[in-house]
Every structure is written in structure tokens, then in C-alpha cells.
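# Structural overview
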Amino acid sequence: MKKVIIIRYAELFLKGKNRGFFERAFEVNIKRALKDVDHELIRQSGRYLVVGFDEELIEEILERLKKVFGIHTMSVAYETEANMDSIFATAKLVCKTTGSFKVVSHRGDKKFPLTSIEISRELGGRLLSVYHDLTVDVHEPSFTVYVDIREGGKALVFGEMIEGANGMPVGTAGRGLLLISGGIDSPVAGHMMAKRGMTLDCLHFHSYPYTNMQAKEKVVDLATTLAKYSCGTNLYTVSVTHIQEEIHKKCRPELMITLLRRFMFRIAERHALQISAQCLITGESLGQVASQTIEGMTSSNSVVEKLPVLRPLVGFDKNEIIERSVKIGTYETSILPYEDCCTVFLPDFPAIRPKIKDILAEEKKLDVEGLIKTAFESMEKIEL
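All figures in this text were calculated on a predicted structure; none of them were measured in a lab.

Moving on to the pairing of strand β8 (residues 154-158). Burial of β8 is extensive: four of the five residues sit out of reach of the surface. Bridge count between strand β4 (residues 71-81) and β8: four bridges; the pairing is antiparallel. Counterpart to Thr80 in the pairing with β8 is Ala155. Bridge analysis of strand β7 (residues 143-150) against β8 gives five bridges, and the strand direction is antiparallel. Paired with Val147 across the strands is Val157, a residue of β8. Here β7 hands over to β8 after three residues, with Gly152 in that stretch at a positive phi of 90°.

Here is the structure:
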């Protein structure tokens, strides 16, 4: 008898003739998550088995697998011989001695002499005969004993379904460039797009020395956490200090944030095209701050010429975003009190509904292309 980990997927079943492509990416991502853990990954119909691992590492393996998109549920199971005596002996290891229960059986090997219902009935009766404080409740049991009869004379017995990350395997939906700040929103936006199968690169704008190196390290930590879900990522950092100084000197203060964001979007699109990313991703939520009104978003979008801008959080309120941030493990880092570039030279009353004609008039005061060129010269790459 040995322990194995069952991995099940859900949405991949819907992919028809393309299912093989998604399954191959899924398998690659599982192996990548467990790359430094001795194991063997066995593919079965509609599931995978992780076998041959050190059982002391089960919790570590499960934590890693919980971050692999495409996994619907997992179970730690005992593999035993496919006969009722062995199944009963194994079931006692996962069965509680009190409470209500039911047995759920699946007969993958149709040569097994009992049907699924007959397996459940016999196993349930045997368990009741040794655990007298148990009762049967097939509708709302306090726990369930699962039996899966596999081909090859083996059976899997387990007592728990562990929720996975769901979604689609990373690498099946193109590449996106995430504009990541040090705040709560953008890491959540990146996580949501990775969940839909998108490979991520990250771009961060900083204002050193107005912002300190701790602010940059905070973003590295956020991107590192995100990389655990996205099968690794590249973080690019760009200084916009010189752009902010020029805007501050020459332009109307209430348009500072809008002008800066237009520079960011120009830089982001050009960089995305250089690295073959197919879209930009932001953590904007409609109406959350002054720059995230529909007018502000329209101003930012108007400088993006070739790529779509995805805003997965656009209809979320702050509490919903915070809940997701806590769940994926970025919240505590996001709330560390280090400033980002958008807080530098922040006007007292930023424009809530900037007009394009006013923005264009202010941009004429700036050497847009020269400032962008200087920004690219400051770019650094960090592989995570």
C-alpha cells in the first residue's frame, strides 16, 4: 500500500479536438511546479497521478499544486489491490470512528465483479460492523469515503477532495504584459489573467530617488508571489523620474497623473511589442481613484495603438479585490507603507474628467519621444 496524489481537471474536458494541446501544457506546468521533488507523473483518463514521492513532502507538494491553474481538485489516496478485503482494510485508514458518512464508488475497470453501487453498499456495511458509532447519511454526511477501481488491478481509496486553483493552464492563452505597481490591485489582475491561461511578464515604473529602494523590493516580492502561479515571470523596471520632473515643471498640475499614465502606456505598449506580448493588463477599477474614471481610462487608451488593454478588475469594488489579494497571498506585501511613483508630485486636486484637447495641448510642451527614449535606457530585467 502506498500514497499517491490524484489530480483532476475540469474545464479542459470542454476543449474537444484541441484538448491534447491544453493537456500537454497542463502536464508541463505540473512538472515545473514539482521540478525539484522526486516523483513520477502518470497520465490516466481525465486525471493524473503523482507517485514515487517522499511521503513526508505531501504537504509541500499539495501547496505547490494549489498554485497550478487547471487543477480542479486533488486527493491524497492510498493505492491498494482491487479486492474488497484490501479496499476495506485501506478504507479503515481514512474512515472516522464516529459521525455520519457515505461511500462513493467509481468502477473504472468494468471487469471488477461488483458494480459501483454494490461496492459502496458492501464497504459501508463492513465499516458499520466495526465502527458502531457511525451512521449512514447519503444526503448530508459529515464525511465521505471514496473508492476508485482502476484498470490494472488497483484501487484508490481516499477521504477528501482538496480544491485546486481551477482555470486554464498557463501558456494556453498567449502572453500579456502586466503593469504592476506596489498596490493591491495589479497583482490580483495578473493572477486573474494567469488563471485564464495567459503567460505574464511584468513592467514596473519607479521614481527613484523620490521613492526608495524598499518600494522596488516590495514590487519584486509581489512579482515573486505572482510567479508561483504564472510558472515564472520576467519583471522589467523603468524609471519615470525624469518624465515626472518635466511634467511638474512645464504642465498644469491637475493633469500630472493623466499625463504620466499616458507615458506609461506608450512605454508599456512599445515594450510589449518588443517581447512579443499580445496585450497590456492593468489593475484599474472604474471610479476607484481620480485616474480611473472613464475619461481617465479613455485618455490612457488613446495612446495605445496596436494592442488591447485588459482590465480584469474594472467592475470590482475594493473589498472584492482585497479578498482576492488575501487569498493569493499578496495582500500583506501590498499594504507595506512604501510609496509608488504615482504619489510623487501628486497634485492636490487631480483632474477627474480630463479632456483630450487639454491633454494634447499640455503634451506639446514636452519632448515625448526623447523622454520615452531616456526611460527605455533605464530599463532593468529581473527573472523570477
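Further remarks concern a negative patch on the surface. On the surface, Asp38, Asp54, Glu55 and Glu56 cluster together to form a negatively charged patch. Position of Asp38 among the secondary structure elements: in the loop between α1 (19-33) and β2 (40-44). The class for Asp38 is exposed, based on a relative accessible area of 65%.

A word on a nonpolar patch on the surface. A cluster of nonpolar side chains, Leu128, Val136 and Val138, forms an exposed patch at the surface whose accessible area comes to about 230 Å². In this fold, Val136 is placed in strand β6 (residues 133-136).

Take the state of the cysteines next. In this structure the tally under the stated criterion is zero disulfides. Unpaired in terms of disulfides, Cys202 finds its nearest cysteine sulfur in Cys279, a separation of 12 Å. For Cys202, a relative accessible area of 1% corresponds to the buried category.

Look at the link from Tyr208 to Pro209: it is a cis peptide, with omega at 10°. Of note, the phi angle at Cys231 is positive, near 60°, even though the residue is not glycine. Within the secondary structure layout, Cys231 lies in the loop between α6 (213-229) and β12 (234-239). Take Cys231: its relative accessible area is 25%, and that puts it in the partly exposed class. At Ser276, a position not held by glycine, the phi torsion is positive, near 65°.

This next bit is on the sheet that holds strand β11 (residues 199-206). Read across the open sheet, the six strands follow the order β14-β13-β10-β11-β12-β15; overall the sheet is mixed. At either end of the open sheet lies a strand with only one pairing partner, and these are β14 (309-310) and β15 (380-383). In the sheet, β11 pairs with β12 via five bridges, with the strands oriented parallel. Counterpart to Cys202 in the pairing with β12 is Leu235.

Moving on, we come to the packing of aromatic side chains. Enumeration over the complete set of coordinates arrives at seven aromatic pairs. Ring geometry for Phe101 and Phe143: centres 5.8 Å apart, planes at 15°, overall stacked. Note that Phe101 is positioned in strand β5 (residues 98-107) and Phe143 in strand β7, a separation of 42 residues in sequence. Here Phe143 falls in the buried class, since its relative accessible area comes to 7%. Ring geometry for Tyr146 against Phe158: centres 5.0 Å apart, planes inclined by 10°, an arrangement best described as stacked. Residue Tyr146 is located in strand β7, and its partner Phe158 is located in strand β8; the two are separated by twelve residues in the primary sequence.

Cut-offs used in this document
Residues numbered from 1 in each chain as written. Predicted model: local features only at pLDDT ≥ 70, side-chain atom pairs only at ≥ 80, totals over all residues. Heavy atoms only, no water. Buried < 20%, exposed > 50% of the residue type's maximum accessible area, 1.4 Å probe, protein only. Helix = DSSP H or I, 4+ residues; strand = E, 2+ residues; numbered from the N terminus. Pairing = 2+ DSSP bridges. Patch = residues over 30% accessible without salt bridge, like charges linked within 9 Å, V, L, I, M, F, W, Y side chains within 5 Å. Areas by Shrake-Rupley, 256 points an atom, 1.4 Å probe, with all protein chains shown as cover. Salt bridge = Lys/Arg side-chain N within 4 Å of Asp/Glu carboxyl O. Lys, Arg positive; Asp, Glu negative; His and termini not counted. Charge placed at Lys NZ, Arg CZ, Asp CG, Glu CD. Disulfide = S-S within 2.5 Å. Phe/Tyr/Trp six-rings, centres within 6.5 Å; stacked < 30°, edge-to-face > 60°.

Purely geometric stuff here, so don't read any function into it on its own.
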